[in-house]
Structure formats: C-alpha cells, structure tokens
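# A structural walkthrough
Each chain is listed here by its residues.
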Amino acid sequence: MFGLTNYFSLYDVWSPLFLVSSVLVIILYLGVTGPFRDRFANSEPVSVKQKVMFSTGVLLLYLAQGGPINMMSHMMFTFHMLMMAISYIIVPPLILLSVPGWLWRYLLDRKPLRRLRKFTHPILSAVLFNVLFSFYHVPVVHDYVMTHYTEHIIYYIVLFIASTLMWWWVVAPVPEWNTLADVKKMGYIFLNGLLITPACALIIFASDPLFATYVDKDAWVEAMGYCISGDPAAMLAAFDGPEFFNWFNPLEDQQLGGILMKLIQETMYGCILGYVFVHWFRREGKDDDDFVELMPEGQMNS
C-alpha cells in the first residue's frame, strides 16, 4: 500500500500484532453477541448490520493506528489528519451503535466505569474532546507528542475516550441513558462543528508550515523511531527527510490536511444530523398517530 513495502518491512507497515489483536476483539464481540449472549441478563439478538458496523469500526481503527495510514501519517500531514478523522470522528459512532444496549448496561455497571458516568455531561464532553484535539495541534505540543512514545500513546488513548464520550450524547445506544432530546442533539452536533473549526482554520490558513515533524529532518527521524524497526538514523541517509515520501510541498500538505479533516468532519456530522432528524421525524409522526387513535370519534370528526 502506497509503495511502502518497497522501503519498509511488512511488519513495520502492517503491524501484525495490532492486526491480530483487532481480529481477536472482533471474534470476542461476535462470541458475546452470538453463542454466549444468553449469559447476559435481558440480552437480545444483534443484527447483522450491527456486526458489520463493529467489524468495520475495529478494522478502520487498526488501519488508522496500526496499518499503512499510521505510517503515512508520520510522513504527510494529510495522512495524519486522515488518521485523526478516522480514529475520532468515524470509528466511535460505529462502535457505539454496534454494541447493543444490554451489553453497554453490563459494561457500564462495572467499577470504575459506573463512577465515570457521574462526571459526564454533554457540554463538558463536547468541550473536552475539542479542546484536546485543538491543543494537540498547537505546533509545540504536536511535535512533542509525536517525538515522545509514552506521551503519544497516552494522549491518543485519552483523545479516543474523549471522542467516545462526545459521540455518546448523539448516538447513545441505551434508551434510558439517552437524556438529550432530538432537537438538542442537532444543536449539540452543530456546537461540535463550531468548536473544531478554529483548529482547522489555523492549519488551513497558516502562511508557513507549523509542524517540525514534517519539515525538520531530525524531528522526523525521532518520530519515525518508534514506528519502524532498525536504526532510524539510517533512514536519514537513505531518504534525506520526509520530503522523499511527500506528494506536495510542506505548506500544501498542511493545508490539504486541514481541509480534509474539516470535510470529513462536516460529512460525518451531516450524516449523523440526518440520522437524528429522521428518528425525530418518525417519533413525532408516531406520537401524532397515537394521539389521533386515542381521540374520541366525535372529536375527530368535529
């Protein structure tokens, strides 16, 4: 993919341990929602659509965080933003919608997740994710996280949890925990679109490259050091920096990355907005039908 195997090993490009872990997670999900479903209280059958959504979400997360997209994200800012969009805009709602309500009840009734629920709030969740996302793209923060492995892993995990909490209020799969009315959900989606805009605008309209990881050879080699096996310093001699793999100049790459992130975010939010609107419209129509059925025949004719 992308010709990466011409320069790197299959192990580096495809991260087989991550791939095997992803497949095992899918198998576990299929087992819990299939033959072992009866072990959970009030369990119900899971649709094929949900199973496909879960498998798609897990495999997309693998491609973004462990597959070729992850490696390309260290070479082109465009792929970095594609990786961010897949991991935090596309995958969380797929996972939330594919895990059945009865399984969410079981998981979230365990400690310490039960305590975590007390600290969740729609506005707090929206602000938390968008602040973490925007803060990460402050140039000095981004370059630090990209060149420090432990901080990199921790930040990405925290960002994924924050994005899941943010999406929870929109696609909450447990009816009794679905506390936002549909109209408020539409406003909530709009709010999230506004909050993420400044970070994307800063990236798109910057007059110079912002991130040393994609222009400074030493910073790039340090970031690649935990992405490949072998001596990363040898890469500098072989490729003379990230420009070898970049399809554009650094500024064009940065601008395209910001545009791509905004387009994917707007498209995904638009799809979810349509999803919420359709459910709201159907619910309103059903309520009207129920009201008509309950009215006395004389009042209906008057």
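Up top is the structure these notes are about.
My aim in this report is to walk through the structure given alongside it, one point at a time. (Residues numbered from 1 in each chain as written. Predicted model: local features only at pLDDT ≥ 70, side-chain atom pairs only at ≥ 80, totals over all residues. Heavy atoms only, no water.)

## Remarks on the overall build of the protein chain
Per the secondary structure count, the protein chain includes 15 helices and zero strands. Across the 302 residues that make up the protein chain, the buried fraction comes to 44%. Across the protein chain, contacts joining residues at least 24 apart in sequence account for 77% of those joining residues at least 6 apart. When the accessible surface of the protein chain is summed, it comes to about 15700 Å², and 68% of that surface belongs to carbon and sulfur atoms. (Helix = DSSP H or I, 4+ residues; strand = E, 2+ residues; numbered from the N terminus. Buried < 20%, exposed > 50% of the residue type's maximum accessible area, 1.4 Å probe, protein only. Contact = heavy atoms within 4.5 Å. Areas by Shrake-Rupley, 256 points an atom, 1.4 Å probe, with all protein chains shown as cover.)

## Comments concerning a nonpolar patch on the surface
A surface patch of nonpolar side chains, about 570 Å² in accessible area, is lined by Ile123, Val127, Val131, Phe135, Val138, Val140 and Leu195. Broken down by element, the residue count for the nonpolar patch peaks at four residues, all from helix H8 (residues 122-136). Relative to the elements of secondary structure, Val138 occurs in the loop between H8 and helix H9 (139-146). A residue is classified by how much of its surface remains accessible, and Val138, at 33% relative accessible area, is partly exposed. (Patch = residues over 30% accessible without salt bridge, like charges linked within 9 Å, V, L, I, M, F, W, Y side chains within 5 Å. Salt bridge = Lys/Arg side-chain N within 4 Å of Asp/Glu carboxyl O.)

## Some details on the layout of surface pockets
When its volume is computed, the second largest pocket comes out at roughly 620 Å³. In terms of lining, the second largest pocket is formed by 26 residues, of which the most central are Leu97, Val171, Ala172, Tyr275 and His279. Elements that contribute at least two residues to the lining of the second largest pocket include exactly helix H3 (48-65), helix H5 (77-98), helix H10 (149-171), helix H11 (182-205) and helix H14 (250-294). Tallying contributions element by element places H14 first for the lining of the second largest pocket, with six residues. Looking at the lining of the second largest pocket, its residues break down into 18 nonpolar, four polar and four charged. (1 Å grid on protein atoms, 1.4 Å probe; cavity = no way out; pocket = protein on both sides within 12 Å on 5 of 7 lines; lining within 4 Å. Points joined across faces, edges and corners; volume = space filled by probe spheres on them. Nonpolar A, V, L, I, M, F, W, Y, C, P; charged D, E, K, R; others polar.)

## A few points about the packing of aromatic side chains
A complete count under the given rule lists 14 aromatic pairs for this structure. Their ring planes at 85° and their centres at 5.6 Å tell us that Phe79 and Trp247 sit as a pair that is edge-to-face. Of this pair, Phe79 sits in helix H5 while Trp247 is found in the loop between helix H13 (233-239) and H14, placing the two residues 168 residues apart along the sequence. For Phe79, a relative accessible area of 8% gives the class buried. When the ring of Trp104 is compared with that of Trp168, the centres are 5.5 Å apart and the planes differ by 85°; the resulting orientation is edge-to-face. (Phe/Tyr/Trp six-rings, centres within 6.5 Å; stacked < 30°, edge-to-face > 60°.)

## Thoughts on the environment of Met186
Relative to the assigned elements, Met186 resides in helix H11. A sequence separation of 16 residues divides Met186 from Val170, and the C-alpha atoms of the two residues are 8.3 Å apart.

## Observations concerning empty space enclosed by the protein
Taken as a whole, this structure holds two cavities of 30 Å³ or more when the rule is applied. Approximately 60 Å³ is the volume found for the largest cavity. In terms of lining residues, the largest cavity is bounded by Phe77, Pro209, Leu210, Phe211, Tyr214, Val215, Pro250, Asp253 and Gln254. Looking at the lining of the largest cavity element by element, the count peaks at three residues for H14.

## Some details on the packing of helix H2 (residues 16-32) against H3
Packing of H2 against H3 leaves a shortest axis separation of 10 Å and a crossing angle of 165°. Regarding the angle of H2 to H3, the classification is roughly antiparallel. Like other packed secondary-structure pairs, H2 and H3 cross with a definite hand, here right-handed. Touching Phe18, Leu19, Ser22, Val25, Ile26, Tyr29 and Leu30 of H2 are Gln50, Lys51, Phe54, Ser55, Val58, Leu59, Leu61, Tyr62 and Gln65, all from H3. (Axes fitted to C-alpha atoms, helices over the stretch in contact; angles between N-to-C directions. Parallel < 35°, antiparallel > 145°, perpendicular 65-115°, else oblique. Left-handed = near helix turned anticlockwise from the far one by under 90°.)

## Here's the deal with the nonpolar core
Residues Met84, Trp167, Trp168, Val170, Met261 and Ile272 are the most contacted members of the largest nonpolar core, which totals 62 residues. If you tally residues by element for this core, the top one is H5, at eleven residues. In this view, Ile272 contacts Trp167, Val170, Val171 and Ile189; residues no more than four positions away in its chain are not counted. Met75, Phe79, Phe239 and Phe245 belong to the second-largest nonpolar core, a separate cluster that totals 16 residues. (Core = buried A, V, L, I, M, F, W, Y, C linked by side-chain atoms within 4.5 Å.)

## Some words on the packing of H8 against H10
The N-to-C vectors of H8 and H10 enclose an angle of 145°; their axes lie 8 Å apart at closest approach. Read as a crossing pair, H8 and H10 show a hand that is left-handed. Where H8 abuts H10, its residues Pro122, Ser125, Ala126, Leu128, Phe129, Leu132, Phe133, Phe135 and Tyr136 lie against Tyr155, Tyr156, Val158, Leu159, Ala162, Ser163, Leu165, Met166 and Trp169.

## Looking at H10
With 23 residues, H10 ought to run about 33 Å at 1.5 Å a step, and its terminal C-alpha atoms sit 32 Å apart, in line with that. For H10, the full list of buried residues reads His152, Tyr155, Tyr156, Leu159, Ala162, Ser163, Met166, Trp167, Trp168, Trp169, Val170 and Val171. (Expected span 1.5 Å × (residues − 1).)

On their own, these measurements won't tell you what the molecule is for.
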